[in-house]
Amino acid sequence: MRRGARLPPARPPAARTLAALAALAALLLAGCATAPTAPDPGAGGSANPRLSVSRSGAHAPAKPTPAIPTPTTPHPGAHAPARSLPHPSVPPHRRWGLDAPLAAAPQPPDRSSAPRAAAPGLLPVVDRVPTRDKVVFLTYDDGAERDPRFVDMVRELRLPVSMFLTDSVVGPGYGHFARLRAVGATVQNHTLDHTALRGLPYAGQRAEICGQQNKLKQRFGVRPTLFRPPYGVHDTTTLRAAADCGLSAVVLWRASMQIHDLRYAVGDRLRPGDIVLAGFRGPDQLQGTTLTEMTTRLLRRVQEQGLTVGRLEDYL
């Protein structure tokens, strides 16, 4: 201290004591303001951090989501499983609703029947085959129905059928009929467009018949030998045009397969050699039934009348 400087006056003892107490009180108040408070369960807080949402809106950690079990059956949009193979212990006729096996057809005749034409240059027209064999012949028209189970039926029953196909009806479905042909069905001509031919000029009828001959040759590698006019209607121009297209006979029918029974064109029962008209009907014509069900009912009628099924091409 420099010589001559004056010292501040000393505080009285009482004043120093009061200042110290005030400083201590301030320190105590500051410590109380920063001390942690206990959580209030009623306000949404929790000592357990795994609890859910607090009242303040903050989200607690989510609970783990249980694993979804793998379904045991396919959902409706899934592809249907492949058809199961038939049980080997069930005879084929039982699988297709017949009480007895379909009798085997007799051996084909050494020489097929040659129906007579009405005049030179015209094809013969047949609705039955003259034979003593107890057989009838199944013919299916058009090509709208493409039930894959019918392929199984033809294969398992070894059912001889003739298919008269129309190009405009079959459309993109020739693969189905190729599968039928691979299991024994035969392919024949039913025109390009299912046009009623009677009354049309020769050129128009020839185009319908020969056009389908060429289509079927292109699709299957063979030319048909038999022709069925749409609706069964024809005239001498039809017979001439079909002959010029390389066919050998025009095939009509004595009975037709309906949804639940047979309709007879002649008489009230089947006779040996009768040709039966069936059809590859579309869904709107099947009335809730299927082609295999209709064919089963037809085969029962055939069996009830003491007959079996032969191959038409073996007799014509």
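Residues numbered from 1 in each chain as written. Predicted model: local features only at pLDDT ≥ 70, side-chain atom pairs only at ≥ 80, totals over all residues. Heavy atoms only, no water.

**Student:** An account of the nonpolar core is needed here, citing residue identities and associated values.
**Tutor:** In this structure, L138, Y140, L165, L180, F280 and L299 are the most contacted members of the largest nonpolar core, which totals 38 residues. Counting residues per element, the ones that place at least two in this core are β2 (135-142), α3 (148-157), β3 (161-165), α5 (174-182), α6 (202-220), β7 (255-257), β9 (275-280) and α9 (291-304). Listed in part, the 13 residues of the second largest apolar core include L122, L123, I209 and A241. (Core = buried A, V, L, I, M, F, W, Y, C linked by side-chain atoms within 4.5 Å. Buried < 20%, exposed > 50% of the residue type's maximum accessible area, 1.4 Å probe, protein only. Helix = DSSP H or I, 4+ residues; strand = E, 2+ residues; numbered from the N terminus.)

**Student:** Before we move on, can you summarise the pattern of salt bridges with the specific residues and values?
**Tutor:** Considering all chains together, one arrives at 9 salt bridges under this definition. For D141, the salt bridge identified is with R228, shortest N-O distance 2.8 Å. Pair noted here: D141 is in strand β2 and R228 is in the loop between β5 (226-227) and α7 (236-244), with a separation of 87 residues, a long-range link. Among the residues examined, D141 registers a relative accessible area of 6% and is labelled buried. (Salt bridge = Lys/Arg side-chain N within 4 Å of Asp/Glu carboxyl O.)

**Student:** Describe in detail α9, supporting the description with residues and values.
**Tutor:** Its 14 residues place the ends of α9 20 Å apart at the C-alpha level, agreeing with the 20 Å of an ideal helix rising 1.5 Å per residue. Of all the positions in α9, only L291, T292, M294, T295, T296, L298, L299 and V302 are classed as buried. Phi turns positive one or two residues past the end of α9, at G306, with a value near 75°. (Expected span 1.5 Å × (residues − 1).)

**Student:** Would you mind going over the state of the cysteines in detail, with residue names and values included?
**Tutor:** One pass over the structure, following the stated rule, counts 1 disulfide. Put simply, C210 and C245 are joined by a disulfide, and their sulfur atoms are 1.8 Å apart. Across the disulfide from C210 to C245, rotation about the S-S bond amounts to roughly -100°, and the bridge is consequently left-handed. Here C210, found in helix α6, pairs with C245, found in the loop between α7 and β6 (249-251); they are 35 residues apart in sequence, far enough to count as distant. (Disulfide = S-S within 2.5 Å.)

**Student:** Please provide a residue-by-residue account of the side chain of D274, values included.
**Tutor:** Relative to the elements of secondary structure, D274 occurs in the loop between β8 (262-264) and β9. A polar side-chain atom of D274 sits 2.9 Å from the main-chain amide nitrogen of R271. Ignoring any residue separated from it by four or fewer positions in sequence, one finds D274 in contact with D127, R128, V135, V136, F137, R254 and R269. (Polar contact = N/O pair within 3.5 Å; in protein donor to acceptor, adjacent residues only side chain to side chain. Contact = heavy atoms within 4.5 Å.)

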